[in-house]
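# Overview (structure and organization)
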Amino acid sequence: MSIYTPSHQSPPPEDHILSLSSRSPQPAVPKEPNYGLDSLFGLLASFVTAPLYLYATLRGKSRVWDDIIDVLPDEAFRAPALDVGCGRGLVLLKLAQRKKKISEATARTEVGGPEDDKVVNGISPAYGIDIFSTADQTGNSPLATYLNSASLSVTRHTILHTASFTEPFPFAESSFSLVTSNLAIHNAKREGRLVAVREMARVCAPGGKIIIIDLYGYFKDHKTVLEEEMGWKDVDVSMVGFKMLYGTLPCQILTATKPVA
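As the structure is a prediction and not an experimental result, all values here were calculated from the model.

Analysis parameters
- Residues numbered from 1 in each chain as written.
- Predicted model: local features only at pLDDT ≥ 70, side-chain atom pairs only at ≥ 80, totals over all residues.
- Heavy atoms only, no water.
- Helix = DSSP H or I, 4+ residues; strand = E, 2+ residues; numbered from the N terminus.
- Buried < 20%, exposed > 50% of the residue type's maximum accessible area, 1.4 Å probe, protein only.
- Contact = heavy atoms within 4.5 Å.
- Areas by Shrake-Rupley, 256 points an atom, 1.4 Å probe, with all protein chains shown as cover.
- Pairing = 2+ DSSP bridges.
- Right-handed = clockwise from strand over helix to strand, strands pointing away.

## So, the overall build of the protein chain
Per the secondary structure count, the protein chain includes seven helices and eight strands. When burial is assessed residue by residue, the protein chain has 51% of its 261 residues classed as buried. Intrachain contacts of the protein chain at a sequence separation of at least 6 include 79% that bridge at least 24 residues. Put simply, the protein chain shows about 12,600 Å² of open surface, and 56% of that area lies on carbon and sulfur atoms.

This is the structure:
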């Protein structure tokens, strides 16, 4: 069964990772990934709290997501995963790195069969979608994300599409065991944010997880969509802490599990 909706099955959306990896000559791959800065306007607006903003965007958010991903079970990474508003790939490529680690461990213990569509030793890839706005992240582009994936040697575990989260996703219902989003949904207007959460819920598989980190003040709507519209029971919102303070703006994290029945 295709992971894409019928209107996107033939041909499927362009995979920028595949396209760019086939380019000749190949662009120079950096030794380390570079995720740029979050909004320059936000940095300038932080004034005296700019150091907190810089720490959050350069170090803090990465460490927060490391803590989140490290405690998830391997089983959560066998099926496809999706990062919504992936930008230059901070979270997307952490998902891909975990998938690579599991696939390499699997290869040592199981006899591998034929591989198809970037499924490596039974581990499906991590998908990312973004509109690649440079207003939301400096230097944001498919090429930047590809170079980061190449620097981490996870191109084989990553698929990247241009798509807006304020419109229906190009993916079929219940396609992903894990759906994430980091500091992206707040960039849309309210109706667009509601579309994003509804679509994340639609493409999440029963028993799968949604994990969203965003600026404080947007999560009441997210909870309303999941709990009141869709009847999800296991929805939790909490504060992220001092690692992600954007000036004076704290961040919250939403974790939710889609009901099985």
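## Quick word on helix H5 (residues 142–151)
Most of H5 sits out of view: seven of its 10 residues are buried. Those residues of H5 that fall on the buried side of the exposure criterion are Ala144, Thr145, Tyr146, Leu147, Asn148, Ser149 and Ser151.

## Digging into the environment of leucine 245
With respect to the secondary-structure elements, leucine 245 resides in strand E7 (residues 245–246). Residues leucine 245 and lysine 61, spaced 184 residues apart in sequence, show a C-alpha to C-alpha distance of 9.3 Å.

## Focus: the pairing of strand E2 (residues 126–130)
Counting buried residues along E2, five of its five residues qualify, which places the element largely inside the surrounding structure. Every second residue of E2 is oriented toward a common face, with Ala126, Gly128 and Asp130 on one face and Tyr127 and Ile129 on the other, all of them buried. Relative to E2, strand E1 (residues 81–84) is paired through four bridges, and the arrangement is parallel. Bridge pairing in E2 links aspartate 83 to glycine 128. Pairing between E2 and strand E3 (residues 158–162): five bridges, direction parallel. Within E3, the position partnered with alanine 126 by the bridge is threonine 158. Read as a crossover between parallel neighbours, the route from E2 over H5 to E3 is right-handed.

## Examining the side chain of arginine 98
Along the polypeptide, arginine 98 turns up in helix H4 (residues 90–109). Look past the residues within four positions of arginine 98 in its chain and what remains in contact with it is Ile69, Asp70, Leu72, Pro73, Asp74 and Phe77.

## Notes on the environment of isoleucine 102
By the element assignment, isoleucine 102 lies in helix H4. For isoleucine 102 and valine 120, which are 18 residues apart along the polypeptide, the C-alpha to C-alpha distance reads 9.6 Å. Residue contacts for isoleucine 102: discarding those within four places in its chain leaves Asp74, Phe77, Arg78 and Ile123.

## Structural notes on the pairing of strand E5 (residues 204–215)
Counting buried residues in E5 gives nine out of 12 residues, a clear majority hidden from the surface. Pairing analysis gives six bridges linking strand E4 (residues 176–182) to E5, with the strands arranged parallel. From the neighbouring strand, valine 179 faces E5, where its bridge partner is isoleucine 210. Traced from E4 through helix H6 (residues 190–203) to E5, the parallel crossover comes out right-handed.

## Structural notes on unusual backbone geometry
Here serine 24 and proline 25 are connected by a cis peptide whose omega angle stands at 0°. With respect to the element layout, proline 25 can be found in the loop between helix H1 (16–21) and helix H2 (40–45). For asparagine 121, which is not glycine, the phi dihedral falls at a positive 50°. Within the element layout of this structure, asparagine 121 appears in the loop between H4 and E2. Residue asparagine 121 is classed as partly exposed on the basis of its relative accessible area of 22%. Even without glycine at this site, phenylalanine 132 takes up a positive phi of about 60°. Mapped onto the fold, phenylalanine 132 is located in the loop between E2 and H5.

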